[in-house]
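Each chain is listed here by its residues.
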Amino acid sequence: MALKADGRWRDEKINGVVYDMSPAPGYRHGIVNNNINTIVKQGLKDSLCLVFMENLDFKYQPDINDDYLCPDIMVVCDRKLL
């Protein structure tokens, strides 16, 4: 995603509709996100799953449409999807 002229940069496209997710989350959001990420990661430490935090676009049905999400936390257990 490119930075838009007005300084906004985060959006998601769901069912063909683009939703502006700007402005970027603040530090409180980051603290909560990090806490959740840590708990999930610890719970999956003996699995093949990977846990990702933010800044990772995810096209959840690329063979059907060009929708995408920018989740705060994402768990991927099937590495073929990376």
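Higher on the page you've got the structure.
For the structure given in this document, a descriptive report is provided here. These figures come from a predicted structure and were not determined experimentally. (Residues numbered from 1 in each chain as written. Predicted model: local features only at pLDDT ≥ 70, side-chain atom pairs only at ≥ 80, totals over all residues. Heavy atoms only, no water.)

Further remarks concern a nonpolar patch on the surface. Where nonpolar side chains cluster on the molecular surface, the patch consists of V17, Y19 and M21 and spans about 260 Å² of accessible area. With respect to the helices and strands, the residue V17 is situated in strand β2 (residues 17-20). Residue V17 is classed as partly exposed on the basis of its relative accessible area of 39%. (Patch = residues over 30% accessible without salt bridge, like charges linked within 9 Å, V, L, I, M, F, W, Y side chains within 5 Å. Areas by Shrake-Rupley, 256 points an atom, 1.4 Å probe, with all protein chains shown as cover. Salt bridge = Lys/Arg side-chain N within 4 Å of Asp/Glu carboxyl O. Helix = DSSP H or I, 4+ residues; strand = E, 2+ residues; numbered from the N terminus. Buried < 20%, exposed > 50% of the residue type's maximum accessible area, 1.4 Å probe, protein only.)

Our next topic: the state of the cysteines. Under the criterion given, the structure shown has one disulfide. Bridging C49 to C77, the disulfide has an S-S length of 1.9 Å. With the S-S dihedral at roughly 105°, the linkage between C49 and C77 falls on the right-handed side. Taken as a pair, C49 in the loop between α1 (27-43) and β3 (50-53) and C77 in the segment after β4 (73-76) lie far apart in primary sequence, 28 residues in all. When its relative accessible area of 45% is taken as the criterion, C77 is described as partly exposed. (Disulfide = S-S within 2.5 Å.)

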